[in-house]
Amino acid sequence: MNRASDGNERRRRFDALCAALRPDLFRFAFWLSRDRAVADDVVQETLLRAWRAMDELRDEKAARQWLLTIVRREHARLYERKRLPTVDVDALIEREEPLLAAPDDIEMQDLRRALFQLEDGYREPLVLQALMGYSTEEIARHMGLKAGAVLTRLFRARHRLRQILAGDTNAPLPAARLEST
Amino acid sequence: MNCLDYRRCIETEPGPLTPEMQVHVQGCAACTAWSEEAQAFEARLKQALAVDVPPARALPPLYALPARRFALAAGILAAVAVATLAWLSFPRDTLAAEVVAHVEEEPQSWAAHTAITTTTLDEVLERPKVSAQFADSVSYARTCWFRGHLVPHLVVRDEHGAVTVLILGDEQVSGKVSFSEHGMRGVILPAAHGSIAVLARGDRQVDAVAEKIREALGS
């Protein structure tokens, strides 16, 4: 196979991966940043880096995890580089209203707003588990945490969500245990 | 396993139940009801997280077929027709329209006024010999997605102001295509590899600078 057809084949493989995985990458970046424009930038940078490093991807079944890891890194780099200002959650929600809106489903909209209010450290593992289907061990590797810490965060994330949905936004975060039932 | 342990497991890992959890829930009406509520919550949560994904920025369609060369016999006629049509009617699905749309999506590109380093330019152009020709005149250089391909996006400055240059290695045009839309004027020229788009804001004519850039890129 000559260099040109090698290049075409590489590009075809990459295009196929992008088409299949971009929704996951965007959603993950969006829930990390809570900002559609930032998510778009992060995905863009991720795909560029992935393209350049495509040869490192030996097993395409691992592509999603590989790309999500790059998204996480690019998101962090973007914040380091741009020193983005801290934005009030209400302002974030207002700005991203079109993406959070769920016509005819107020509960869904409330749930999305609650997710916006969740602390970053709880939202990320929750997204990885509930949306991406990651196991606890995979989340732990991805975030550089111990499995126990991940479980704690997942428990607290759900508990917190329920608190927010119940309108109890000032309640303290729970310890990683339930009250006796 | 008691209710506390059972619910903690569900709250942290709401996947399939372990045999021990199954034994507990089968004998506990309260946890059965709680589980149903928890499962419904998980389904809603997944749905809530799956926000609509906006179209890729200047990327789709990923599987767009690359522009094909026209047959030689029809080439000249087609080029004239396409160029004329683009100039007169400028439909939104033309290459020129997508160039304008892409540039509009990166308004920050116009804002930079200081020359970027040749190292950055080398990374974007991947052709050091060409980069050298643009030394001190490029204020913005990024690799962008455009029609499913990676393309260099530059802002080049001269005594008349700034022009944006997109180097479209995978887009063929048969002749010069002029366009004017959304406050920008520009041209797409055939190049040694694919084509280049050069555009400026306002009424500036870019033909001359576009030719110079094409020559520089051809080296």
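Presented here is a report on the structure given in the accompanying data block.

Reading the values: rules and limits
Sequence positions are assigned chain by chain, starting from 1 and proceeding in written order. Following the order in which they are written, the chains are lettered starting with A and the ligands numbered starting with 1. Per-residue local features of the predicted model are confined to residues with pLDDT of at least 70, and side-chain atom pairs are confined, for both listing and counting, to 80 or more; whole-chain, interface and lining totals are unaffected and use all residues. Think of it this way: any DSSP run of H or I at least four residues long counts as a helix, any run of E at least two long counts as a strand, and we number them from the N terminus. The contact criterion used is a C-beta to C-beta distance within 7 Å, with each C-beta placed from the backbone. Three classes are used. A residue is buried when 20 or more other C-beta atoms lie within 10 Å of its own, exposed when 12 or fewer do, and partly exposed in between, with C-beta atoms placed from the backbone. We treat two strands as partners when DSSP finds at least two bridges between them. Throughout this entry, Asp, Glu, Lys and Arg are counted as charged residues, while Ala, Val, Leu, Ile, Met, Phe, Trp, Tyr, Cys and Pro are counted as nonpolar. The remaining residues, Gly among them, count as polar.

On a plain count of helices and strands, chain B comes out with nine helices and six strands. In chain B, the share of contacts with a sequence separation of at least 24, taken over all contacts with a separation of at least 6, comes to 52%.

Right, let's talk about the pairing of strand 3 (residues 161-168) of chain B for a bit. All names here are of chain B. In terms of residue burial, strand 3 counts as a mostly covered element, since seven of its eight residues are buried. Here five bridges tie strand 3 to strand 6 (residues 195-201), and the two strands are oriented antiparallel to one another. Counterpart to Thr164 in the pairing with strand 6 is Leu199.

This next bit is on unusual backbone geometry. One non-glycine residue, A:Arg34, lies in positive phi territory at about 60°. Locating A:Arg34 in the fold gives a position in the loop between helix 1 (3-33) and helix 2 (36-52). Its 22 C-beta neighbours within 10 Å are what place A:Arg34 among the buried residues. For B:His182, which is not glycine, the phi torsion reads 55° and is therefore positive. One can find B:His182 in the loop between strand 4 (177-181) and strand 5 (184-190).

Turning our eyes to something else, we now look at the interface of chain B and chain A. Each partner contributes to the interface: chain B provides 27 residues, whereas chain A provides 32 residues. Of all the elements in the fold, those that place two or more residues in the side of chain B that touches chain A are helix 1 (3-12), helix 3 (29-49) and strand 1 (138-146) of chain B. The dominant element in the side of chain B that touches chain A, judged by the number of residues it contributes, is helix 3 of chain B, at seven residues. Looking at the side of chain B that touches chain A residue by residue, the class counts come to 14 nonpolar, four polar and nine charged.

That's the geometry; what it means functionally is another story.
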